[in-house]
Amino acid sequence: MTAVTGENPLQEQEQDRAEPQGQAQKQAQGGGVLGAPLDAREDPQLLRGQAVYVADVNLPGTAHMAILGSPLAHARILSIETKAAEQLPGVLKVATAADFPDVMPLPCIWIPGGVESHFPPHPYGLPGARPVLSGDTVRHVGDPIAAVVAETPQQAAAALAAIAVEYEPLPVVTRADHALADGAPQLHEAVPGNLNAYWTCGDKEATDAAIAAAEVTVELDLVNQRTVNSPIEPRAAVGDHNAATGEYTLYATTQGPHNHRFLLSALVLGIPFNKLRVIAPTVGGSFGTKGYLYPDMALVLLLSKALGRPVKWVDTRTGLMNSTVQGRDHRQHATLAGTRDGRITAVRCTSHANLGAYPSTIGPGVATALMGRSITGMYEIPAAFCEVYAAFTNTVPLGAQRGSGRAEAAFLMERLVDRYAAEIRMDPAEVRRRNLVPDDRFPYDNGLGWTYDSGSYRENFDKALQLAGYPDMPARKAEARARGKRLGVGLATYVAVCGVGPSTRMSQEGMLGGTWESANIRVHPTGEVAVTVGSASTGQSHGTVFAQVAAAELGIDPAAVQVYEGDTLKAPYGQGTYGSRSYSMAAPAIALTARKIKDKMVRAGAVLLGVPEDRVVYDAGRVHEAGNPDNGKTFSEMAMALWYGWGLPPGIEPALDETTHFDPPDFNFPFGTHVAVVEVDELTGETAVVAYTAVDDAGNVGNPKVVRGQIEGSIVHGLGQALMEAAVYDDQGILLTRDLGSYALPRAADAPFFTLDRTVTPTPHNVLGAKGAGEIATVPPAAAVVNAVVDALSDLGVTHIDMPLTPEKVWRRLRGGAP
């Protein structure tokens, strides 16, 4: 492998993270390290522009790659002429599918569990996804056809225009329900009728019977629109092949370096696993998009080998919007049944999920289980059923987006509850309160496949309403009307399955692979500690929080702990970061490993202190004789003694180096209640979120300051979908919202100051009692905001408005226009 520039910025980055945080850390240690709101040690380098992203990795002799994407959404490729491009200045190679006949297509590793599924083929008998380069048919705008490598990025980009491709246009379909209709354009020969899977959960017969017998039923047709993930850094990749050793190194924006190492080596390139190293530097955010296998990852490795020099690719913002997985995109028909006194008796959902042109790495699971099993939310509902038709269309492949599946489910249920409350003329808060799962029902089987671990839903709900000043809303509405504004209040509750694992349970959902997590702790002879995890940060302050976990368990200063991740050469094998699993999966693995370290210190301490093992106490980073603290040794002294290894009896190996592989007994289920207050301008239709209250429960948290940042960012993400974000395709499959001039993202001025609080109900499924937190607050905001706007317009007979609630759309409804 070739080193990263002369100064090695990756090494500098790791050293910066190891710097002590001064007085704040000392104070935190005195009052308890874990749970303390320490400043994130990663932040200074990010704020100063010193963090190393993939785009900053400049290996000696690097050439630059550009990818030619299809301008058509569906077409046969009749011919590709590359000679003109090959003759342009600086061009080193132009590659097409014909150059890589032995490269396998990218695989899909999540098959909807328990149902018949149809996928493009893969040579290993797995579900196939997309080819690295399309050689015969393109299926969405941006589908990669050719790759150019040149001396500079500008030369590579210019050469794309000189590639002549002759197409035969084919019919296009962009909606999942349309793709399943008779006569719809066929995308894949192996997938008849474009249906990837018909997936169900729950009891259909019982649900239908409960709906038929109900005193009250309400129905809604919902569009949970497709959205574009917009991390700060678009995707990027650098490939480096060492001809002398046959080894490959990939620097990539990836959430799962270990998973991508396996998938690329074994299932795409067909090279030895030991010959591929994957490194994830700072990746600039992900929101789910960077957990997927993409063609560029394989291409930079293949072209590096072909050219004998490193190859680098950095996407553009427009390129990201036409190539990186998109989110949401369900069209749902939902029915809720209940009694006149506010008891929900049944809920049913039929959803058409748009998978896009190819099954992304785990896209089918996002569209089915994560949504369907979650529709009952925090409510005790006797009968529930969900069916999902997952279909292929001529759009960018579907993948995870922060809160994926769970956000779509919460939107459906919380809109239904408000419609039900309006139908029976009951306060929406009272309807929710009457149906919350009681505290004495946990663990609670929701009838759809999830067993909620723990919760105090009533406490959480009442705290949110109190903080929001819910009883004062009538007076606030009157005051707003006097100013020409319509004030509305919207409630939304949620339960979000998190902590992806256990492995056996995920296999039943169709996951082809394990979902456990690992951690290694190595104590240096100086008493400093290296924690290495299989997880990979995408901005969650792992270096800070994981150090807190180790320091708290070992009774040492967090400044003495260095966290390593994101490099398959250095880290134990692990699954990566997704599904809000880092703190509830990797952190327990760290805690359990630290306990192994302490146990070994106690066993060794008995020898070194000359007392029986049951007389040795580990306390605050020291081992000492019980009742005789003077007969003891410090953490550093024990580390040095074990490093020397002198006089250790059989059964105690020298050094302190332990590893844990943690696979939990079940998922964890954070939950919460959000309250949105909006003002709608009667003249313009503009909606302003003027107050937002969120009370979330993620069990025990490791760093409340970090969690607060995650909650705030998640809420803004949800507000974006509610008010402005939409991936809009025309009837030819052209993405019209292809840059930030046409795709609106929320800015600071679009968000109010938040009122945030937490309840704490630890999970029994890990030693820290920790539940997921990174994406949970994205789940309810869209429902809360839409409920608030509908409340503001309810006297006009408005019962629903599809997202996004743009000023024009709301203005038309104010004047009696159609939905």
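Rules and cut-offs
- Throughout, residues of each chain are indexed from 1 in the direction in which the sequence is written.
- Selection of residues for local features in this predicted model requires a pLDDT of at least 70, selection of side-chain atom pairs for listing and counting requires 80 or more, and totals for whole chains, interfaces and linings are taken over all residues.
- Hydrogens and water molecules were not included; the side-chain quantities draw on all heavy atoms of the structure.
- Numbering of helices and strands runs from the N terminus, with a helix taken as a DSSP run of H or I at least four residues long and a strand as a DSSP run of E at least two residues long.
- For this measure, only C-alpha atoms enter the radius of gyration; the expected value for a globule follows 2.2 Å times N^0.38, where N is the number of residues.
- Three exposure classes are used, based on accessible area relative to the maximum for each residue type with a 1.4 Å probe and protein chains only: buried under 20%, partly exposed in between, and exposed over 50%.
- The contact criterion used is simple: two residues touch if any of their non-hydrogen atoms lie within 4.5 Å.
- Residue exposure ignores everything except the shown protein chains as possible cover, and the areas themselves are Shrake-Rupley values with a 1.4 Å probe.
- A strand pair is defined by DSSP finding two or more bridges across the two strands.
- The predictor reports its confidence for every residue as pLDDT, a score running from 0 up to 100.
- A 1.4 Å probe that fits but cannot get out identifies a cavity on a 1 Å grid over protein atoms alone, an open set with protein on both sides within 12 Å along at least five of seven lines counts as a pocket, and a residue lines either if it has an atom within 4 Å of a point.
- Grid points are joined across faces, edges and corners, and a volume is the space filled by probe spheres set on the points.
- The nonpolar class holds Ala, Val, Leu, Ile, Met, Phe, Trp, Tyr, Cys and Pro. Asp, Glu, Lys and Arg form the charged class, and all remaining residues, Gly among them, are polar.
- Each pair of aromatic rings taken from Phe, Tyr and Trp, with Trp reduced to its six-membered ring, is defined by centres within 6.5 Å and is described as stacked if the planes are under 30 degrees apart, edge-to-face if over 60, and tilted in the remaining cases.
- Comment: the charge-over-ring label is applied if NZ (Lys) or CZ (Arg) is within 6 Å of the ring centre and within 35 degrees of the ring normal.
- Each polar contact in these results corresponds to two N or O atoms within 3.5 Å; when the atoms are within protein, one needs to be able to donate a hydrogen and the other to accept it, and residues that are neighboring in sequence are counted only if both atoms are side-chain atoms.
- Take a side-chain nitrogen of Lys or Arg and a carboxyl oxygen of Asp or Glu: if they are within 4 Å of each other, that pair is a salt bridge.
- Orientation is described by axes fitted as lines to C-alpha atoms, over the contacting stretch for helices, and by angles from 0 to 180 degrees between their N-to-C directions.
- Angles are sorted into four bins: roughly parallel if under 35 degrees, roughly antiparallel if over 145, roughly perpendicular if 65 to 115, and oblique for all others.
- In a left-handed crossing the near helix is turned counterclockwise from the far helix by less than a right angle, and in a right-handed crossing that turn is clockwise.
- A patch consists of residues whose relative accessible area exceeds 30% and which take part in no salt bridge; residues with like charges are grouped when within 9 Å of each other, and nonpolar side chains (Val, Leu, Ile, Met, Phe, Trp, Tyr) when within 5 Å.

## As for the overall build of the protein
In step 1: Broken down by element type, the protein carries 23 helices and 28 strands.
In step 2: At 28 Å, the protein has a C-alpha radius of gyration in line with the 28 Å of a compact globule built from 819 residues.
In step 3: Expressed as lengths along the three principal axes of its C-alpha atoms, the size of the protein is roughly 85 × 75 × 50 Å.
In step 4: A burial count over the protein gives 60% of its 819 residues as buried.
In step 5: Relative to all contacts within the protein whose residues are 6 or more apart in sequence, the contacts with residues 24 or more apart total 80%.
In step 6: Counting every atom, the protein has about 29,300 Å² of accessible surface; 52% of that belongs to carbon and sulfur.

## Re the sheet that holds strand E6 (residues 164-169)
In step 1: With antiparallel pairing, three strands are arranged side by side in an open sheet as E4-E2-E6. Looking at which strands have only one partner, the edges of the open sheet turn out to be strand E4 (137-138) and E6.
In step 2: In the sheet, strand E2 (residues 75-81) pairs with E6 via six bridges, with the strands oriented antiparallel. The residue of E6 that forms the bridge with arginine 76 is glutamate 168.

## Digging into the confidence of the model for the protein
In step 1: Residue-level pLDDT values for the protein average 93, and 96% of them are 70 or greater.
In step 2: Under a pLDDT of 50 for its full length, residues 1-31 has, in the predicted model, 60 contacts with residues more than four places off or in other chains.

## Quick look at empty space enclosed by the protein
In step 1: As enumerated under the stated definition, the model contains one cavity of 30 Å³ or more in all.
In step 2: Around the largest cavity sit 14 residues that line it, and Arg130, Leu293, Pro359, Ser360 and Thr361 are the ones nearest its centre.
In step 3: The residue makeup of the lining of the largest cavity, split by class, is ten nonpolar, three polar and one charged.

## Some words on unusual backbone geometry
In step 1: With an omega of 0°, the peptide bond between phenylalanine 442 and proline 443 qualifies as cis.
In step 2: Following the sequence through the fold, proline 443 ends up in the loop between helix H14 (428-435) and strand E16 (444-445).
In step 3: Across the junction of glycine 501 and proline 502, the peptide omega takes the value 5°, indicating a cis bond.
In step 4: Locating proline 502 in the fold gives a position in the loop between strand E18 (485-495) and helix H17 (503-508).
In step 5: Even without being a glycine, asparagine 194 presents a positive backbone phi close to 65°.
In step 6: Topologically, asparagine 194 is positioned in the loop between helix H6 (176-179) and strand E7 (195-202).
In step 7: With a relative accessible area of 1%, asparagine 194 lands in the buried category.
In step 8: One non-glycine residue, arginine 328, adopts positive backbone phi at about 65°.
In step 9: Among the structural elements, arginine 328 can be located in strand E13 (residues 326-338).
In step 10: For arginine 328, a relative accessible area of 3% puts it in the buried group.

## Details of the packing of aromatic side chains
Centre distance and the angle of the planes are the two values used to describe a pair of aromatic rings.
In step 1: Here the structure, examined in full by the defined rule, presents twelve aromatic pairs.
In step 2: Centre to centre, the rings of tryptophan 516 and tyrosine 573 are 5.8 Å apart; their planes meet at 50°, and the pair counts as tilted. Here tryptophan 516 is found in the loop between H17 and strand E19 (517-523), whereas its partner tyrosine 573 is found in the loop between strand E21 (561-564) and helix H19 (582-609), with 57 residues between them in sequence.
In step 3: The exposure class assigned to tryptophan 516 is partly exposed, which follows from its relative accessible area of 22%.
In step 4: By way of ring pairs, the aromatic residues Tyr444, Trp450, Tyr452, Phe667 and Phe669 are connected into one cluster.
In step 5: Above the face of the tyrosine 294 ring, arginine 235 is positioned so that its terminal group lies 3.6 Å from the ring centre.

## So, the side chain of serine 230
In step 1: Following the sequence through the fold, serine 230 ends up in the loop between strand E8 (216-228) and strand E9 (236-242).
In step 2: Within the structure, serine 230 has its side chain in polar contact with the backbone oxygen of valine 228 (distance 3.4 Å).
In step 3: The residues contacting serine 230, other than those within four sequence positions of it, are Phe287, Arg317, Tyr743 and Leu745.

## Some points on the pattern of salt bridges
A side chain of one charge can pair with a side chain of the opposite charge if their charged atoms are brought near each other.
In step 1: In the structure shown here, the tally under the stated rule is 39 salt bridges.
In step 2: Note that arginine 76 and glutamate 168 form a salt bridge whose closest N and O atoms lie 3.3 Å from each other. Residue arginine 76 is found in strand E2, and its partner glutamate 168 is found in strand E6; the two are separated by 92 residues along the sequence.
In step 3: According to the relative accessible area criterion, arginine 76 is partly exposed, its value standing at 39%.
In step 4: Residue glutamate 168 is classed as partly exposed on the basis of its relative accessible area, which comes to 34%.
In step 5: Across the pair arginine 483 and glutamate 679 runs a salt bridge whose closest N-O atoms are separated by 2.5 Å. With a gap of 196 residues between them, arginine 483 in the loop between helix H16 (473-482) and E18 and glutamate 679 in strand E26 (residues 671-681) connect regions that are remote in the sequence.
In step 6: Exposure remark for arginine 483: the relative accessible area of 40% places this residue in the partly exposed category.
In step 7: Looking at glutamate 679, the relative accessible area reads 14%, which means it is buried.
In step 8: Salt bridges sharing partners connect three or more residues here, namely Lys204, Asp208, Arg348 and Glu387.

## Here's the deal with the sheet that holds E18
In step 1: Spatial strand order, E18-E26-E27-E28: four strands in an open sheet with mixed pairing. Where the open sheet ends on each side, the last strands, each with one partner, are E18 and strand E28 (754-758). Each adjacent strand pair in this sheet contributes to an overall mean axis angle of 10°, direction not counted.
In step 2: Where E18 and E26 come together, eleven bridges link them in antiparallel fashion.

## So, the packing of helix H13 (residues 406-424) against helix H22 (residues 781-792)
In step 1: The contact between H13 and H22 brings their axes to 9 Å, and the two run at 25°. Between H13 and H22, the interaxial angle falls into the category roughly parallel. Both H13 and H22 take part in a crossing whose hand is right-handed. In contact with Ala410, Phe411, Glu414, Arg415 and Asp418 of H13, H22 contributes Ala782, Ala783, Val786, Asn787 and Val790.
In step 2: When the residues that make up the contact of H13 with H22 are grouped by side-chain class, the tally is six nonpolar, one polar and three charged.

## Points about a nonpolar patch on the surface
In step 1: Residues Trp643, Tyr644 and Trp646 make up a contiguous nonpolar surface patch of about 440 Å² in total accessible area.
In step 2: Following the sequence through the fold, tryptophan 643 ends up in helix H20 (residues 635-644).

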